[in-house]
Amino acid sequence: MSTTVFINAMDLTEYAYKKLPCGTTAFDSVIKSAESLPDLKKIVIIARKDFIREGNFSIIEPQGRDMHSLIRVFQEEIGDSENLFYLYGDAPLLNSAVFERMYRNHNQYFASYTFADGFPYGMAPEIIKGSVLDQLLGLAEKNSIPISRKSLFELIKIDINSFDIETEISRIDQRMLRVSLTADTKRNYNQLCRIMDNLDSDSISDEDHLIDLLETSQILLRTEPSFINVQITGGCYQTCSYCPYPDMGGDIINRDDEMSIDQWIEILEKVGEFSDDAVFSVSLWGEPSRHSNFLGIVSSLLEREKFRLIIETSGIGWDPKIPEAISKISQGRVDWILSIDADNAESYSRVRGDGWDEVVSTAEYLHELFPENLYLQLVRMKAEEEHLENFYRGWKEKGYKMIIQKYDHFCKVLPDRRVTDLSPVRRFPCWHLKRDLNILIDGTVPLCREDLKKKYKMGNIFKDKIDLIWKNGESVYINHLNGEYSDLCRGCDEYYTYNF
């Protein structure tokens, strides 16, 4: 019995080659782990032809970036090995004990595919029996799936009953932590360093010690923000029935204030130095179509190749030339969310006001320009629940993607119009305090989007250093870890929702 190890190094970032507290890089650690695997025959690195790294391995470039090309490489390189291990080259905390259990069970129960569930990503490989590669290739030929960290399971899931699957389950289910033990982004690299700094050399390979550390020291997981929510305009075209902004924003119909391009670029530069792969939204409050240089807002962000942009809009007030120009430069990094909230003019008028015909026209136009990056959104709430099914079915049949958004009462500032209470039985620390940064038009950074009265200011992005602003929210997050909540947080129903 022998195994061939395949290590995906197609899109490793510079962080995979930066030294970690253990003294080696993530990639070198993965190679070392691979060399210790049982019944090892050879190691194959899946990488581009220009990949330069010394070691006792082969380097193969797949013909394409889809699963069909990857399975082809598996077939061509596995030789007479009965099994293959598949892992990524930036996951340095692969655990030998988990490996061994998975491999033993894989062979004992004649599994086609073995994976780990409930562990933080990066602790375990995937194992495939060589005899099922023809079957996988057939699925890949019929289904176009791009190569990603989840794509092997996504491929198998298409015809899951045709495979004998073995699952290694974690002692503690840590899926809700959403931890990726990888050196692929600055955020994850820093997270790895913080975790490894809290593991001595004897315990770094101890499965239980690592899992317990993640469970009991979750402050280590709050590194840099990943979602930056910015207000670029003060005005709106509507006073929506489920939005607190009309009450807090003054005469929003006639406001014409906006964030300058220079201020916006200052934010981009500060965030880029601190959190280089963030997702930005320009729709914290106000309607983005009212900005006098919205194309400049978008183009200056897209100059930073690791940033993504979300434009959440009412669909009103757009010059058609703007979305068209954005479509030519977006590179798939711009997503649109159109808050349409209805399936007919009458329902729309009750929820949002006038503008139904224009919004439908905008939806159709954006769908032509951004078929894969446009989402129609409906906020689910009492009085309009009867329209939910028609909304979903009607727009879905036309080929649109949907978002059904839960109603937010903004810490009980608005009436409770929730159809149902979705909050977990057991409360956990707020995702938004851990991942989000909200910036108002004057640069003020409130604790979160729910802090409508700016009672808990963390600083001002135009006056303060961003790392200090982010640090100012840490004490509140620590309070959450300890089960202590302010009046604002106690009344919140958004802590369990997740952006990026």
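Residues numbered from 1 in each chain as written. Predicted model: local features only at pLDDT ≥ 70, side-chain atom pairs only at ≥ 80, totals over all residues. Heavy atoms only, no water.

A. Focus on the sheet that holds strand β3 (residues 58-60). The 7 strands lie next to each other as β3-β2-β1-β4-β6-β5-β7, forming an open sheet whose pairing is mixed. Two strands lie at the open edges of the sheet, namely β3 and β7 (165-169), each paired on one side alone. The mean angle between the axes of side-by-side strands here comes to 25°, regardless of whether they run parallel or antiparallel. Alignment of strand β2 (residues 40-46) against β3, held across 3 bridges, turns out to be parallel. Paired with Ile46 across the two strands is Ile60, which belongs to β3. Of the strands in this sheet, β1 (3-8), β4 (83-88), β5 (113-117), β6 (126-129) and β7 are in contact with helix α3 (residues 96-108), which crosses β4 at around 150°. (Pairing = 2+ DSSP bridges. Helix = DSSP H or I, 4+ residues; strand = E, 2+ residues; numbered from the N terminus. Axes fitted to C-alpha atoms, helices over the stretch in contact; angles between N-to-C directions. Contact = heavy atoms within 4.5 Å.)

B. Up close: unusual backbone geometry. Positive phi outside glycine occurs at Asp39, with the angle close to 55°. Note on placement: Asp39 falls in the loop between α1 (26-35) and β2. On the basis of relative accessibility, which here comes to 36%, the residue Asp39 falls in the partly exposed class. Unlike most non-glycine residues, Gln331 shows phi in positive territory, near 55°. Here Gln331 is to be found in the loop between α11 (321-329) and β11 (334-339). (Buried < 20%, exposed > 50% of the residue type's maximum accessible area, 1.4 Å probe, protein only.)

C. The nonpolar core, seen in detail. In this structure, Trp264 and Phe280 are the most contacted members of the largest nonpolar core, which totals 65 residues. Not counting residues within four places of it along the chain, the set of residues in contact with Phe280 comprises Ile228, Val230, Trp264, Ile267, Leu268, Val271, Leu301, Phe307, Arg308, Leu309 and Ile310. Among the nonpolar cores identified, the runner-up in size contains 45 residues, and Ile45, Met123, Ala183 and Leu210 belong to it. (Core = buried A, V, L, I, M, F, W, Y, C linked by side-chain atoms within 4.5 Å.)

D. Representation of the packing of aromatic side chains. The final tally for this structure, using the stated rule, is 25 aromatic pairs. Geometrically, the ring pair formed by Trp264 and Phe280 is edge-to-face, given 5.7 Å between the ring centres and 70° between the ring planes. Placement of the pair is Trp264 in helix α9 (residues 261-274) and Phe280 in strand β9 (residues 279-281), with a sequence separation of 16 residues. On the accessibility criterion, Trp264 (0% relative accessible area) is buried. (Phe/Tyr/Trp six-rings, centres within 6.5 Å; stacked < 30°, edge-to-face > 60°.)

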